[in-house]
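# Residue-level structure breakdown
Here is how the chains run, residue by residue.
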Amino acid sequence: MRNTALALMLGLGVTTALPTMAAGDLSRNPYGALLGSYVAPDKDRDADYGIGGTVIFFGKPLTDHVNLELSGFGNTLRRTSDNGDDSQFGLGLDFVFPLVKGPVRPFLLLGAGGVRDQLDTTNDTDSINPYLNAGGGLLIALSERFALRAEARYLMDFNNSSYPNKDQLADGRFGLGVQYIFGKPYVAPPPPAPVVVA
């Protein structure tokens, strides 16, 4: 009788704990993000700071410590010498390294891609160039699926055609926006039913 009561108590404890144990896990789900951007351009661009750009991300965790992200960005830079507008459009692939888990998650990133530089000049210079970038950021959870995302990147644009005597341009890029997790949460299978000993 004592064994039966003990087994029933254990079974009740396991049943009560099921909602917590089977809580949905979103840590391996794909996600997307939309950020507004601020660009601190290389001095050789002859441009003011660019505010009002847009960055879009689509990412997928590969492991607990590495994510792969596809990103696209666009922005306009106003030249200081003649008030002309130069545009940038880029597409890249980054490895993102979350440093910790929890509601506040710092991360590092490293990646490469291509950027199209359009210079609104008398020559209408238009070129597509490779780039490398590195940086870091912070995710602050707002809910189970939404997080505030802030980041900073150092981007090296290997443009040797648009600017005389210059092989590469170094821009600082800063972003702030919202990240959202897609898909259904993973639910762990329930534990086996307790064995009642008569």
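Computed from a predicted model, the values in this text were never measured in an experiment.

Another point: the nonpolar core. A33, L35, V55, F57, F73, V115, Y131 and L155 form the largest nonpolar core, which has eight residues in total. If we ignore the near neighbours within four places in the chain, the residues touching A33 are V55, I56, F57, R149, V178 and Q179. With five residues, the next largest nonpolar core counts V96, F107, L109 and A147 among its residues.

Right, let's get into the pairing of strand β6 (residues 126-141). Both strand β5 (residues 104-119) and β6 contribute to a ladder of 15 bridges, which runs antiparallel. Bridge assignment links D117 to a residue of β6, and that residue is S127. Between the antiparallel neighbours β6 and strand β7 (residues 146-157) lie four residues.

With antiparallel pairing, the eight strands of this closed barrel are ordered in space as β1-β2-β3-β4-β5-β6-β7-β8. Taking the axes of each pair of neighbouring strands and ignoring which way they run, one obtains an average angle of 25° across the sheet. The sheet contact formed by β7 and strand β8 (residues 169-181) spans 12 bridges and is antiparallel. Across the sheet, the residue bridging to L155 is D171, located in β8.

Counting across every chain of the model gives 13 salt bridges. Here R153 ties to E151 by a salt bridge, and the two come within 2.6 Å at their closest N and O atoms. In terms of burial, R153 and E151 fall into one category: buried. Through salt bridges with shared partners, one network takes in E69, D94, R149, E151 and R153.

Under the defined criterion, the tally for this structure stands at two cavities of 30 Å³ or more. Of the volumes computed, that of the largest cavity is approximately 120 Å³. Forming the walls of the largest cavity are 15 residues, and the residues nearest its centre are V55, F73, E151, R153 and R173. For the lining of the largest cavity, the elements supplying multiple residues, two or more each, are β1 (31-40), β2 (50-61), β3 (67-78), β6, β7 and β8. If you add up the space inside the second largest cavity, you get close to 30 Å³. Contributing to the lining of the second largest cavity are R45, L77, D86, S87, Q88, D117, Q118, L119 and Y163.

Our focus in this paragraph is the pairing of β7. Relative to β7, β6 runs antiparallel, the two being bridged by 11 bridges. Bridging from a neighbouring strand, N133 pairs with L155 of β7.

This part takes up the packing of aromatic side chains. For the structure shown, the criterion picks out five aromatic pairs. Considering the side-chain rings of Y38 and F174, the 6.0 Å spacing of their centres and the 50° angle between planes classify their relative orientation as tilted. Within this pair, whereas Y38 is found in strand β1, its partner F174 is found in strand β8, the two being separated by 136 residues in sequence. Relative to Y131, the ring of F73 has its centre 6.0 Å away and its plane inclined at 65°; by these criteria the two rings are edge-to-face. Residue F73 is found in strand β3, and its partner Y131 is found in strand β6; the two are separated by 58 residues along the sequence. The rings of F58, F146, Y180 and F182 are connected pair by pair, giving a single aromatic cluster. Positioned over the ring face of F57 is R149, at 4.1 Å from the centre of the ring. The ring of F73 carries the charged tip of R173 above its face, separated from the ring centre by 4.2 Å.

About the criteria used
Residues numbered from 1 in each chain as written. Predicted model: local features only at pLDDT ≥ 70, side-chain atom pairs only at ≥ 80, totals over all residues. Heavy atoms only, no water. Core = buried A, V, L, I, M, F, W, Y, C linked by side-chain atoms within 4.5 Å. Buried < 20%, exposed > 50% of the residue type's maximum accessible area, 1.4 Å probe, protein only. Contact = heavy atoms within 4.5 Å. Pairing = 2+ DSSP bridges. Helix = DSSP H or I, 4+ residues; strand = E, 2+ residues; numbered from the N terminus. Axes fitted to C-alpha atoms, helices over the stretch in contact; angles between N-to-C directions. Salt bridge = Lys/Arg side-chain N within 4 Å of Asp/Glu carboxyl O. 1 Å grid on protein atoms, 1.4 Å probe; cavity = no way out; pocket = protein on both sides within 12 Å on 5 of 7 lines; lining within 4 Å. Points joined across faces, edges and corners; volume = space filled by probe spheres on them. Phe/Tyr/Trp six-rings, centres within 6.5 Å; stacked < 30°, edge-to-face > 60°. Lys NZ or Arg CZ within 6 Å of the ring centre and 35° of its normal.

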